[in-house]
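Each chain is listed here by its residues.
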Amino acid sequence: MVVKIDEIEKIIINENDEYSLVKKLFLLANEGDYIVKHRCYYVLKEIGSKFSIEFIDNFDDLNKMLEEDVLRIIDITTKLEVDSPLHLKRLLNSKNPYLVRGEAIALAKNGSVKSLDVLLEFAVSNKGRIIRRELFGELFGYMIYRIPELKAYIENKKWDNQKIRGYLRDMEINSPKYNRLSIYPSNDYWALKAREQGFEYGEFKYSVEKQMFKKNHKGL
């Protein structure tokens, strides 16, 4: 049975238990059509429910999932408790550079010292070369913008760790323009994905991102 978008809207409106709503949305993301799937992931991000972590942890092999689905899941973690993206840090070992980039950005967008330590360790490793050095400068700059105390922490790490000191030498550490970081690799990413599936982007965007009317859950 293919779940239709109208059924998703009924669930959002009528389900009063947050855990049940989150569970249903994750399940329906696997059972519904393309638009239903991305509507579910979008709503899960908007809800920002702590219960999402349980289901995210249960994904066995994210590398076998579609790239855009994994990026949606990464994006959900940016709206949860601080350092929630650490639940997906295994993606830093992915062979897909978009997933590595997305996870690194999520750690910067919703991370504290714990996430910063992971980013620094990854940046100086051989695997960290998959991300350009300039992006790391923006990630560290964004984290300092969010948490100014991290500037001194990074300076101290430079003198405690020779590899980090060498990597950060002469690096421009500045938050990106307008302090914007996107999990998705390009501005037209979803337009391209929608067209691949035979949808007009406007139709896709409206169906997936339309406003929700519900007062029972955070963000709705």
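Below, the structure is looked at part by part. (Residues numbered from 1 in each chain as written. Predicted model: local features only at pLDDT ≥ 70, side-chain atom pairs only at ≥ 80, totals over all residues. Heavy atoms only, no water.)

**Describing the pattern of salt bridges**
Applying the stated criterion across every chain yields a total of 8 salt bridges. Among the salt bridges present, the one from Lys 24 reaches Glu 15, with a minimum N-O distance of 2.6 Å. Using a relative accessible area of 35% as the deciding quantity, one classes Lys 24 as partly exposed. Judged by relative accessible area, Glu 15 falls into the buried class, the value being 15%. Taking the shortest distance from any N to any O, the salt bridge between Lys 193 and Glu 68 comes out at 3.7 Å. In this pair, Lys 193 sits in helix α11 (residues 189-196) while Glu 68 sits in helix α5 (residues 67-77), placing the two residues 125 residues apart along the sequence. Its relative accessible area of 5% is what places Glu 68 among the buried residues. (Salt bridge = Lys/Arg side-chain N within 4 Å of Asp/Glu carboxyl O. Buried < 20%, exposed > 50% of the residue type's maximum accessible area, 1.4 Å probe, protein only. Helix = DSSP H or I, 4+ residues; strand = E, 2+ residues; numbered from the N terminus.)

**A look at the environment of Asp 17**
Assignment of secondary structure puts Asp 17 in the loop between α1 (5-14) and α2 (18-31). The class of Asp 17 is partly exposed, set by a relative accessible area of 38%. Only 2.8 Å separates the side chain of Asp 17 from the backbone nitrogen of Ser 20, close enough to count as a polar contact. (Polar contact = N/O pair within 3.5 Å; in protein donor to acceptor, adjacent residues only side chain to side chain.)

**Here we look at helix α8 (residues 133-146)**
Counted at 1.5 Å a residue, the expected span for α8 with its 14 residues is 20 Å, and the 20 Å between its end C-alpha atoms agrees. Residues Leu 135, Phe 136, Gly 137, Leu 139, Phe 140, Gly 141, Tyr 142, Met 143 and Ile 144 constitute the buried set of α8. (Expected span 1.5 Å × (residues − 1).)

**Side note on the packing of aromatic side chains**
All chains considered together, the criterion is met by 14 aromatic pairs. A centroid spacing of 5.3 Å and a plane angle of 70 degrees characterise the contact between Tyr 184 and Trp 190, whose relative ring orientation is edge-to-face. Taking relative accessible area as the criterion, Trp 190 reaches 8% and is therefore assigned buried. Taking the centre distance of 6.0 Å and the plane angle of 25 degrees together, the rings of Trp 190 and Phe 204 count as stacked. Remark: Phe 204 occurs in helix α12 (residues 201-209) and Trp 190 occurs in helix α11; sequence separation between them is 14 residues. Grouping residues by exposure puts Trp 190 and Phe 204 together as buried. By the ring-pair criterion, three or more aromatic residues cluster together here, those being Tyr 34, Tyr 184, Tyr 189, Trp 190, Phe 199 and Phe 204. The ring of Trp 190 is capped by Arg 72, whose NZ or CZ atom sits 3.9 Å from the centre of that ring. Over the face of the ring belonging to Tyr 167 we find Arg 133, whose NZ or CZ atom lies 5.5 Å from the ring centre. (Phe/Tyr/Trp six-rings, centres within 6.5 Å; stacked < 30°, edge-to-face > 60°. Lys NZ or Arg CZ within 6 Å of the ring centre and 35° of its normal.)

Everything listed here is a matter of geometry and, on its own, says nothing about what the molecule does.
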